[in-house]
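Residues per chain are reported as follows:
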Amino acid sequence: MTATEVAALISGGEASAVEVATAHLDRIDAVDPRVHAFLHVDREGALAAARAVDEKRAAGAQLGPLAGVPVAVKDIVATRGVPTTAASKILEGWRPPYDATVVARLRAAGTVMLGKTNMDEFAMGSSTEYSAYGPTNNPWDLGRIPGGSGGGSAAALAAYEAPLAIGTDTGGSIRQPGAVTGTVGAKPTYGGTSRYGLIAFSSSLDTPGPCARTVTDAALLHAVIAGHDPRDSTSIPQPVPDVVAAARQGATGDLTGVRLGLVTEFSGEGAEPGVMAAFRDAVEKLVKLGAEIVEVSCPHFQYALPAYYLIAPSECSSNLARFDGVRYGLRVGDDGNRSLEEVMSLTREAGFGPEVKRRVILGTYALSSGYYDAYYGQAQKVRTLITRDFTSAFERVDALISPTTPFVAFPFGSRTSDPYQMYLADLFTIPTNLYGGPAISVPCGLSEGLPVGFQVMAPTMADDRMYRVAAALESAVGTLTPPPL
Amino acid sequence: MTAISREEVAHLARLSRLAVTEQELDQFAGQLDVILQSVARVGEVAAEDIPPTSHSVPLTNVYRDDVEQPCLTQDEALSGAPDAAEGRFRVPRILDEED
């Protein structure tokens, strides 16, 4: 059942929010031992939130469009009193004393938080294999990765453990898991959703956003969490476009007059043939819906991945300096004989996993004297060139399209030995993060029996445009259903 | 671009306040070398006259009115601390023996 359908049942009085929450908690009990989408299930908190919705309804109060709908939240988002670890040992057992803005807005909207979902440690990874608490399994094939870093949120949707989830997208961590699990994931415009209360990975890129099984559901969740937040200095003080109306317009299946740009540089090099075939079929469907397809060259997109893997580790090496064993989290080696510096080093050694250490060291290198200009400085210039590519492309077309990922869900362990091979999973998603605009992944078909994602990228603050195109494609393709668990 | 040596990784780990094992040093030196060779391509395109972009939205300081507002209590602020004493964070000693 979609979030829209669940909300209708509750507002129509056909089901109580408590019944809906209980059904989802029971489903988690039944399948999560095999899927491992959740790091923490907040049964009591969920039932209390559901009871509050039922009481409000009984008292005749006006309910919001998602009141009583369960939602799962990626474990990098701070939740007051509920464990928040970013899937790292260094934060094991930490219960934040405050809510992130997106969580506060979810609560205000009457949604029911089921618990916290698994992810790559500190959102660094593309497979959820770097979680310190063990990987999440893809409901389509339990031997394959669910994408990353938000693999837990995407798998919870695909396994019908939750109708909605929150993710964060730094280089593709909402869209890539959406693509490989056959679900919908949207990265809003950077600054369109608040980063307050997100455990920072790469501050100039991190963007919280919605995950759902349908485009309209994603838009409904987007509308709840988006909007200006004075607590985040990068939050954009402008009204959020009406993404729900745009999704509903798209769902009618009419794209007459819409110009879509096919990125020449993403013509398929490095991508699996099955992925490209599913993508081309989807492009044909869009043409039948009335869209005009234009080839657009974005010559600097090929440098996005290298630029990202300098900028993101640089920012992470700075952001993760706060995990020093002083104010929260783990402390190791404090036996009274060791200095603060030694305790700090031992704590970070014990608390961080291999990918986090690699990126902290890489970032320290890229920012160090003598290398700063050659690496970090150059990467920031590439960011300018990529932004120019997007700007000139959007003078000719309404949105850009590409596959979301170059390959379908791969088997566990097949890319962990060579980090750069893993980084290629985000090849098509990263340019958007460097530019800051919105992008969405919507299922467009299967390759080798596994889902393929279709990406729509739009200009900054034109999030409504991508929802319209994605919903139209969804109307032609339909939603994908994984085999029963 | 220069290759990254094992000693350099050890130095960077020290700068990052990260104790690493001998095995990790070997592993990271090899992997970082591959990553750096792959990302060095950024040097191919960005000419001198291209301004850098650090952030996709303009950064401005955001101030609020200087009015008292509710905030975390002392207990809440200390609730996640590995160690606390007398209402403060307790840290390991800051000076080494020789200091």
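Rules used in this analysis
Residues numbered from 1 in each chain as written. Chains lettered and ligands numbered in written order. Predicted model: local features only at pLDDT ≥ 70, side-chain atom pairs only at ≥ 80, totals over all residues. Heavy atoms only, no water. UniProt positions renumbered as here; feature names shortened; annotations may be inferred. Helix = DSSP H or I, 4+ residues; strand = E, 2+ residues; numbered from the N terminus. Buried < 20%, exposed > 50% of the residue type's maximum accessible area, 1.4 Å probe, protein only. Areas by Shrake-Rupley, 256 points an atom, 1.4 Å probe, with all protein chains shown as cover. Lys, Arg positive; Asp, Glu negative; His and termini not counted. Charge placed at Lys NZ, Arg CZ, Asp CG, Glu CD. Axes fitted to C-alpha atoms, helices over the stretch in contact; angles between N-to-C directions. Parallel < 35°, antiparallel > 145°, perpendicular 65-115°, else oblique. Contact = heavy atoms within 4.5 Å. Nonpolar A, V, L, I, M, F, W, Y, C, P; charged D, E, K, R; others polar. Pairing = 2+ DSSP bridges.

In the annotation of an unreviewed UniProt entry, the entry for chain B reads Aspartyl/glutamyl-tRNA(Asn/Gln) amidotransferase subunit C, and the organism field reads Krasilnikovia cinnamomea. Taken from UniProt, the Sequence similarities (unreviewed entry) comment for chain B reads in full: "Belongs to the GatC family." Turning to chain B, the UniProt record has this under Subunit (unreviewed entry): "Heterotrimer of A, B and C subunits."

(A) Quick peek at the overall build of chain A. The secondary structure content of chain A amounts to 16 helices and 11 strands. Projected onto its principal axes, the C-alpha positions of chain A cover 70 × 60 × 45 Å. Within chain A, the proportion of its 485 residues that are buried is 67%. Accessible area for chain A stands at about 14800 Å²; split by element, carbon and sulfur atoms hold 51% of it. Across chain A, the centroid of the 39 positively charged side chains sits 3 Å from that of the 50 negatively charged ones.

(B) Summary view of the packing of helix H10 (residues 304-319) of chain A against helix H12 (residues 354-367) of chain A. All names here are of chain A. The N-to-C vectors of H10 and H12 enclose an angle of 100°; their axes lie 7 Å apart at closest approach. Relative to H12, the element H10 lies roughly perpendicular. In this structure, H10 contributes Tyr309, Leu310, Pro313, Ser314, Cys316 and Ser317 to the contact, and H12 contributes Arg359, Val360, Leu362, Gly363, Thr364, Ala366 and Leu367. Residues belonging to the contact of H10 with H12 are distributed by class as follows: eight nonpolar, four polar and one charged.

(C) Local environment of unusual backbone geometry. Residue and element names in this part refer to chain A. For the bond from glycine 148 to serine 149, the omega torsion is 0°, close enough to zero to count as cis. Within the fold, serine 149 resides in the loop between strand E3 (112-117) and helix H5 (151-158). Unusually for a residue other than glycine, alanine 87 sits at a positive phi of about 55°. Its place among the elements puts alanine 87 in the loop between strand E2 (70-74) and helix H4 (101-108).

(D) Structural context of the packing of helix H1 (residues 6-15) of chain B against helix H2 (residues 22-39) of chain B. Residue and element names in this part refer to chain B. Packing of H1 against H2 brings their axes to within 9 Å, and their N-to-C directions diverge by 110°. In terms of their interaxial angle, H1 and H2 are classed as roughly perpendicular. Contacts between H1 and H2 involve Arg6, Val9 and Ala10 from the former and Glu22, Leu25, Asp26, Phe28, Ala29 and Leu32 from the latter. Classifying every residue of the contact of H1 with H2 by side-chain character gives six nonpolar, no polar and three charged.

(E) Focus on the sheet that holds strand E5 (residues 184-187) of chain A. All names here are of chain A. With mixed pairing, 11 strands are arranged side by side in an open sheet as E1-E3-E2-E4-E6-E5-E10-E11-E9-E7-E8. Lying at the two open borders of the sheet, with one neighbouring strand each, are strand E1 (38-41) and strand E8 (292-296). Recorded for the sheet is a direction-independent mean angle of 30° between the axes of neighbouring strands. One ladder, built from eight bridges, connects strand E10 (residues 439-447) with strand E11 (residues 450-457); its direction is antiparallel. When the sheet's bridge partners are listed, leucine 446 is paired in E11 with proline 451. Relative to E3, helix H3 (residues 43-58) is tilted by about 155°, and along the sheet it contacts E1 and E3.

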